[in-house]
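Chains, contacts and geometry: an overview
These are the residues of each chain, in order.
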Amino acid sequence: MSTIFGKIIRREIPADIVYEDDRVVVFKDINPRARVHLLVIPKKEIASLFELTPEDKDLMGHMMLLLPQLAKAQGLNAGFRTQINTGEGGGQEVFHVHIHLLGN
Ligand code: AMP
């Protein structure tokens, strides 16, 4: 089922998109908890890490490899934090896989 992040991917609602390629969209979190707070999401609508399948290996690897590039582009040369909330028990609010990238 599609979420608000699906709407962002399809440009049905606005977002401050900082990076996009054929598999991924990256945009600023609407409620930032650090100077830089990005959300890295796959265009494929996967609800959470629980729903990953082996065919998602390359996609998830692609997202991981993007993180240091995005961080450096945002000036986070000293380092950054990442977070993936999974399921209601993990505090996930939007059920479309996303990696939080945070730094000051
Ligand atoms: P999570 O708890 O990991 O599911 O986090 C969802 C995140 O999405 C929160 O940090 C929200 O601030 C963020 N968020 C929700 N709606 C939007 C939106 N329309 N644009 C940007 N970020 C959003």
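Presented here is an overview of the structure given in this document. This structure is a prediction, so every number in the text was calculated from the model and none was measured. (Residues numbered from 1 in each chain as written. Predicted model: local features only at pLDDT ≥ 70, side-chain atom pairs only at ≥ 80, totals over all residues. Heavy atoms only, no water.)

This part takes up the layout of surface pockets. Computed from the structure, the largest pocket encloses a volume of approximately 380 Å³. Those elements giving two or more residues to the lining of the largest pocket turn out to be helix H1 (4–9) and strand E2 (24–28). Tallying contributions element by element places H1 first for the lining of the largest pocket, with three residues. (1 Å grid on protein atoms, 1.4 Å probe; cavity = no way out; pocket = protein on both sides within 12 Å on 5 of 7 lines; lining within 4 Å. Points joined across faces, edges and corners; volume = space filled by probe spheres on them. Helix = DSSP H or I, 4+ residues; strand = E, 2+ residues; numbered from the N terminus.)

A few words now on the side chain of Asp 29. Position of Asp 29 among the secondary structure elements: in the loop between E2 and strand E3 (36–42). Buried charged residue Asp 29 carries no salt bridge. Nearest counter-charge: Arg 33, at 4.8 Å. At a separation of 2.8 Å, a polar atom in the side chain of Asp 29 contacts the main-chain amide nitrogen of Asn 31. Residues contacting Asp 29, with those up to four places away along its chain left out, are His 37, Leu 38, Leu 39 and His 100. (Buried < 20%, exposed > 50% of the residue type's maximum accessible area, 1.4 Å probe, protein only. Lys, Arg positive; Asp, Glu negative; His and termini not counted. Salt bridge = Lys/Arg side-chain N within 4 Å of Asp/Glu carboxyl O. Polar contact = N/O pair within 3.5 Å; in protein donor to acceptor, adjacent residues only side chain to side chain. Contact = heavy atoms within 4.5 Å.)

Taken in spatial order, the five strands make up an open sheet running E1-E2-E3-E5-E4, and their pairing is antiparallel. The open sheet has two edge strands with one neighbour each: strand E1 (17–20) and strand E4 (81–83). Between one strand and the next, the sheet's axes are offset by a mean angle of 20°, whatever the strand orientation. Bridge count for E2 against E3 is five bridges, and the pairing is antiparallel. (Pairing = 2+ DSSP bridges. Axes fitted to C-alpha atoms, helices over the stretch in contact; angles between N-to-C directions.)

The side chains of a regular strand alternate between both faces of the sheet. Counting buried residues in E2 gives four out of five residues, a clear majority hidden from the surface. Here E1 runs beside E2; their pairing, made up of three bridges, is antiparallel. Bridged to Ile 17 within E2 is Phe 27. The turn joining E1 and E2, which pair antiparallel and follow one another in sequence, is formed by three residues.

Let's shift gears to the pattern of salt bridges. On inspection of all chains with the given rule, the structure shows seven salt bridges. One salt bridge connects Asp 56 with Lys 44, and the closest N-O pair in it is separated by 2.5 Å. Placement of Asp 56 in the loop between E3 and helix H2 (57–73) and of Lys 44 in the loop between E3 and H2 is noted, with a sequence separation of 12 residues between them. Residue Asp 56 is classed as buried on the basis of its relative accessible area of 2%. Judged by relative accessible area, which is 35%, Lys 44 ranks as partly exposed. Taken together, the shared-partner salt bridges in this structure form one network comprising Arg 10, Glu 12 and Glu 45.

In terms of burial, strand E5 (residues 99–103) is largely enclosed, as five of its five residues are buried. Side chains Ile 99, Leu 101 and Gly 103 of E5 all project onto a buried face; the interleaved residues His 100 and Leu 102 project onto the opposite face, where all are buried too. Across five bridges, the pairing between E3 and E5 is antiparallel. If you follow Leu 38 over to E5, its bridge partner there is Leu 101.

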